[in-house]
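Notes for the structure review
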Amino acid sequence: MPERANIQPIDPLHPQPRHVHRATALLEQGGLVCYPTDTYYGIGCDLFQKKAIERLALLKRRDPHKPFAFLCADLGDVSRYAIVDNEKFRLLRRILPGPYTVVLPATRVVPRTALTRQRTVGIRVPDAPVAIALVKSLGRPLATTSAGLPGEEPLIDAADIRDHLGHGLDLILDGGVTLNEPSTVLDLSGAVPEVLRQGKGSVEGLFR
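An account of the accompanying structure is given in this report. (Residues numbered from 1 in each chain as written. Predicted model: local features only at pLDDT ≥ 70, side-chain atom pairs only at ≥ 80, totals over all residues. Heavy atoms only, no water.)

Brief notes about the sheet that holds strand β6 (residues 120-124)
Heads up, the condition is: A pair of strands is labelled paired if DSSP reports no fewer than 2 bridges between them. Secondary structure elements are defined from DSSP: runs of H or I of at least 4 residues count as helices, runs of E of at least 2 residues count as strands, and each element is numbered from the N terminus. Note on geometry: axes are C-alpha line fits, over the in-contact stretch for helices, and angles between N-to-C directions span 0 to 180 degrees. Contacts between residues were defined by any pair of non-hydrogen atoms, one from each residue, lying within 4.5 Å.
Spatially, the 10 strands line up as an open sheet ordered β1-β8-β2-β3-β7-β4-β6-β5-β9-β10, and their pairing is mixed. A strand with exactly one partner marks an edge of an open sheet, and here the two such strands are β1 (6-9) and β10 (194-197). Direction aside, the axes of adjacent strands within the sheet are offset by 35° on average. Direction of pairing for strand β5 (residues 100-105) relative to strand β9 (residues 184-187): parallel, over a ladder of 4 bridges. When the sheet's bridge partners are listed, Thr101 is paired in β9 with Val185. Strands β5 and β9 of the sheet are contacted by helix α4 (residues 86-95), whose axis makes an angle of about 165° with β5. Along the sheet, helix α5 (residues 129-138) contacts β2 (33-36), β3 (41-46), β4 (69-71), β7 (142-146) and β8 (171-174); its crossing angle with β2, the most-contacted strand, is approximately 135°.

A closer look at the nonpolar core
Heads up, the condition is: To define a nonpolar core, start from buried Ala, Val, Leu, Ile, Met, Phe, Trp, Tyr and Cys residues and group those joined through side-chain atoms within 4.5 Å. The classification of residues rests on relative accessible area computed with a 1.4 Å probe and restricted to protein chains. Under 20% of the type maximum is buried, over 50% is exposed, and intermediate values are partly exposed.
Formed by 46 residues in total, the largest nonpolar core has its most connected members in Ile43, Leu92, Ile95, Ile123 and Leu169. Among the elements of the structure, β3, α2 (50-60), α3 (75-81), α4, β5, β6 and α6 (158-165) are those that each provide at least two residues to this core. In this structure Ile95 touches Tyr100, Val102, Leu186 and Leu206, once residues within four positions along its chain are discounted. Membership of the second largest hydrophobic core comes to 17 residues, among which are Ala23, Tyr35, Val135 and Leu138.

Details of the side chain of Gln8
Within the secondary structure, Gln8 sits in strand β1. Residue Gln8 is classed as buried on the basis of its relative accessible area, which comes to 16%. With near-sequence residues (within four places) excluded, Gln8 lies in contact with His19, Arg22, Leu171, Ile172, Leu173 and Asp174.

Looking at the environment of Ile123
Locating Ile123 in the fold gives a position in strand β6. Its relative accessible area of 0% is what places Ile123 among the buried residues. Distance from Ile123 to Leu71, taken between C-alpha atoms, is 5.8 Å for residues 52 residues apart in sequence. The residues contacting Ile123, other than those within four sequence positions of it, are Phe70, Cys72, Val78, Tyr81, Ala82, Tyr100, Thr101 and Val102.

Structure follows, in structure tokens:
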């Protein structure tokens, strides 16, 4: 039976630096780490390591050519990886950090593995201290996906994640049981904003 990832309890609001550093070291080696966010548990890897991206796609049983969304640390980080005009920046400043995934035109620094055919990217800045601490510690965005398999509800408990996905993970940061609710996906890549998925993030009054 394959070895399963260790579970490391972590404070979801004030993550212990030693736990963050341990996870970062694994990410730098091409590892896959599971962490709590403001929606589902996420599984992530270094956005710039192609083999890690391939591992993540294999674990999730998805097309390796289908790009993952990725986590940025803050709005300044978003502006490095996506083209954001003044109007969009004002909107992002209102909703981020928060439970939204925003689709935006990519800049040239984004690796090809993260680009759609339309050269757009999906970016999250979650209101989740553990996830943000990982991105800041790594110094690069994290490719991210929910902790679950296609056609199944995402897993909300670290022990369940270990049982179902632990064979493909290097570490699970346990921040307690999370809410089973996805992010709201907003397509801001065109002239008119579009809601692609209504999730936890409210869209009421966003585009007035």
